[in-house]
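Now for the letters of each chain:
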Amino acid sequence: MTFASMPFHPAGGDPVPPALRGFARAHAALVEFRADPAHLVARHRAPGRAVGLVSGGGSGHEPLHAGFLGRGMLDAVAPGKVFASPHNRQVLEASRAAAGPGGVIHVVKNYTGDRINFGIAAERLRHEGIEVRRVLVDDDLATDSADTGTGRRGTGATIVVEKLLGAAADTGLGLDELAALGARFAAASRSLAVAARAQTSPHTGRPAFELAEGELEYGVGIHGERAAKSVSRPPVEELAESMLDELVAGLPAGPDEVVAVVNGLGGTTLLELYGLHDLVAAGLERRGLRLHDALVGTFVPALDMAGFSLTLTRMEPEWKDWWAAPAITPAFPRTTEEIR
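Residues numbered from 1 in each chain as written. Predicted model: local features only at pLDDT ≥ 70, side-chain atom pairs only at ≥ 80, totals over all residues. Heavy atoms only, no water.

Draft legend 1. Geometry of the confidence of the model for the protein chain. Confidence in the prediction of the protein chain, expressed as mean pLDDT, is 93, and 94% of residues score 70 or more. A low-confidence stretch, residues 335–340 (pLDDT under 50), is modelled with 14 contacts involving residues beyond four sequence positions or located in other chains. (pLDDT = per-residue confidence, 0-100. Contact = heavy atoms within 4.5 Å.)

Draft legend 2. Quick peek at the pattern of salt bridges. Following the criterion strictly, the structure yields 22 salt bridges and no others. A salt bridge links R96 to E93; its shortest N-O distance comes to 2.5 Å. Pair noted here: R96 and E93 are both in helix α2 (residues 88–98), with a separation of three residues, about one helical turn. By relative accessible area, R96 is classed as partly exposed at 35%. Between R290 and E257 there is a salt bridge; the shortest N-O distance is 3.6 Å. (Salt bridge = Lys/Arg side-chain N within 4 Å of Asp/Glu carboxyl O. Helix = DSSP H or I, 4+ residues; strand = E, 2+ residues; numbered from the N terminus. Buried < 20%, exposed > 50% of the residue type's maximum accessible area, 1.4 Å probe, protein only.)

Draft legend 3. Region of interest: the pairing of strand β10 (residues 257–264). β10 sits mainly inside the fold: eight of its eight residues count as buried. Side-chain alternation along β10 places E257, V259, V261 and N263 on one buried face and V258, A260, V262 and G264 on a second face that is also buried. Bridge analysis of β10 against strand β11 (residues 290–297) gives seven bridges, and the strand direction is parallel. Looking at β11, one finds that E257 is bridged to R290. Handedness of the crossover is the feature at issue here: the chain leaves β10, passes through helix α7 (residues 270–286), returns alongside β11, and the resulting connection is right-handed. Bridging between β10 and strand β12 (residues 306–314) involves seven bridges; their strand directions are antiparallel. Residue pairing for β12: G264 is matched across the bridge by F308. (Pairing = 2+ DSSP bridges. Right-handed = clockwise from strand over helix to strand, strands pointing away.)

Draft legend 4. Local environment of the sheet that holds β10. Sheet architecture is open: six strands sit in the order β9-β8-β7-β12-β10-β11, paired in mixed fashion. Of all the strands in the sheet, just β9 (229–232) and β11 have a single pairing partner and so form its edges. Pairs of neighbouring strands in the sheet enclose a mean axial angle of 20°, with direction left out of account. Pairing analysis gives two bridges linking strand β7 (residues 189–197) to strand β8 (residues 215–218), with the strands arranged antiparallel. If you follow V194 over to β8, its bridge partner there is Y218. (Axes fitted to C-alpha atoms, helices over the stretch in contact; angles between N-to-C directions.)

Draft legend 5. Expanded view of the pairing of strand β3 (residues 52–59). Burial runs high along β3: eight of the eight residues are buried. Across four bridges, the pairing between β3 and strand β5 (residues 104–109) is parallel. Along β5, the bridge assignment pairs L53 with I105.

See below:
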């Protein structure tokens, strides 16, 4: 279906503005929507937080990023159009709203448009006297190649980085300390995604790409980017093993405890995702890795793509308290609506 023909979308062709307004209405105790230019701001932050955290990116990946607004995670978010970078004006206003006395951190997924627009906003903020640092998330093994000029894409590890960085910021750490930590969180993370069916193109109403019967796109991106290869779809047990082989080999050296994220890409059921998690947990154990914790659900989808991604993050001992810290947001699994 196209934007104009979506049965539950108001007339006008663009689903993003009403979705942002609806999100803010649904979570009015936690977030505020500001329309011009469009950005969302958390209503609460820890009293000791000196540095604001801002992220953003294209719509179509909900609950990323607005679902992780709130105490313990992000302070403001700049949402772009579907699969498109936010405008630098959106990032600028979100950053002005979020900046603390110690400045602001931009959590940026590694895509050219995001890097450019967050970069322009950062220059304008520095001109205004607001200190800015960037944490670049680049976890996607499918683009870890010399042939990829931009390097690894930013995908499922974004939620891990935002959670750890938000909890660290709540302890009152400064700008440079947080930027260095964020880089470490991202460097400790790797992701890989597969799809059995493309997302529906909102412009044509048809799948964004075609797969032959029994094929799987191995290494797909969260904006519907095709993988470098299509493969015959193996049994799910073999698929999980192949993905874990690549992920574990791609992780940097470090502790033997990991956080795993089993993430649906929009058209995959929780029944399937929990089954996948069972395979992932057993596979990690066979590889001598201990599962510190896991997130299972749809956190970084690609509209309605039938697929999933796996993310592994090596956990340093000093990060565990940050991972366990409360997150009072609309969508993080350990969320409560109660503000204490």
